[in-house]
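# A closer look at the structure
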Amino acid sequence: MFADNNGNRKQNDAPSALRTIAVLLSLMMQLATCTVVFGFIGHLLADKWHHPYITAVGIVVGLAVGMSGFAYLAKHFLGEKP
C-alpha cells in the first residue's frame, strides 16, 4: 500500500559504493604497476650503465606516468572531459 523509499535507496547506494571501491582499487593498481615496472627498468639500466641513481629516476618516471593515468581516469569517472 505504501511505497518503501528506504529500501530503494539502499539498493541504489550499494552498487555506487562497490563501483567507487573498484575504481579506487584499479587506480591504485595502475599507480603501483607503473612504479614497479619503471623502477625495474631503471634498475636494469643502472646495472648496465653502472650508475645506481638511474633506479631512482625510473621510480620517479613511473610515479609520473602512474599519476598522469590516475588523473585521467579520475577525471573520466568523475564525469569531466579530459
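Notes on the structure in this doc start here. Just so you know, these numbers come straight off a predicted model, no measurement behind them.

To continue, consider the overall build of the protein. Scanning the protein for helices and strands turns up two helices and zero strands. Residues counted as buried form 15% of the 82 residues belonging to the protein. For the protein, the accessible surface area stands at approximately 6500 Å², while carbon and sulfur atoms represent 70% of it.

As for its position among the elements, Met 67 is in helix α2 (residues 53-78). Residue class for Met 67 comes out partly exposed when judged on its relative accessible area of 45%. In sequence terms Met 67 and Thr 35 are 32 residues apart; their C-alpha atoms lie 9.7 Å from each other.

Below, the discussion takes up the environment of Ala 56. Tracing the sequence through the fold places Ala 56 in helix α2. Residues Ala 56 and Gly 39, 17 residues apart in the sequence, show an inter-C-alpha distance of 7.1 Å.

A separate point is the environment of Ile 54. Position of Ile 54 relative to the elements: it lies in helix α2. Judged by relative accessible area, which is 13%, Ile 54 ranks as buried. Residues Ile 54 and Gly 39, spaced 15 residues apart in sequence, show a C-alpha to C-alpha distance of 8.8 Å. Discounting residues that sit within four places of it in the chain, Ile 54 has contacts with Gly 42, Leu 45, Ala 46 and Trp 49.

Phi at His 50 is positive, roughly 60°, even though this residue is not glycine. Its place among the elements puts His 50 in the loop between α1 (5-49) and α2.

Analysis parameters
What you see as residue numbers is a count from 1 along each chain, following the sequence as written. Residues qualify for local features only when their pLDDT is at least 70, as the model is predicted, and side-chain atom pairs are given and counted only at 80 or more; totals for whole chains, interfaces and linings, by contrast, use all residues. Water and hydrogen atoms play no part in the side-chain values, which are based on all heavy atoms of the structure. Strands here mean DSSP runs of E at least two residues long; helices mean DSSP runs of H or I at least four residues long; both are numbered from the N terminus. Each residue is assigned to one of three classes by its accessible area relative to the maximum for its type, calculated with a 1.4 Å probe on protein chains only: buried under 20%, partly exposed between the two thresholds, exposed over 50%. In short, Shrake-Rupley with a 1.4 Å probe defines the accessible areas, and a residue's cover is counted only from the protein chains shown. The contact criterion used is simple: two residues touch if any of their non-hydrogen atoms lie within 4.5 Å.

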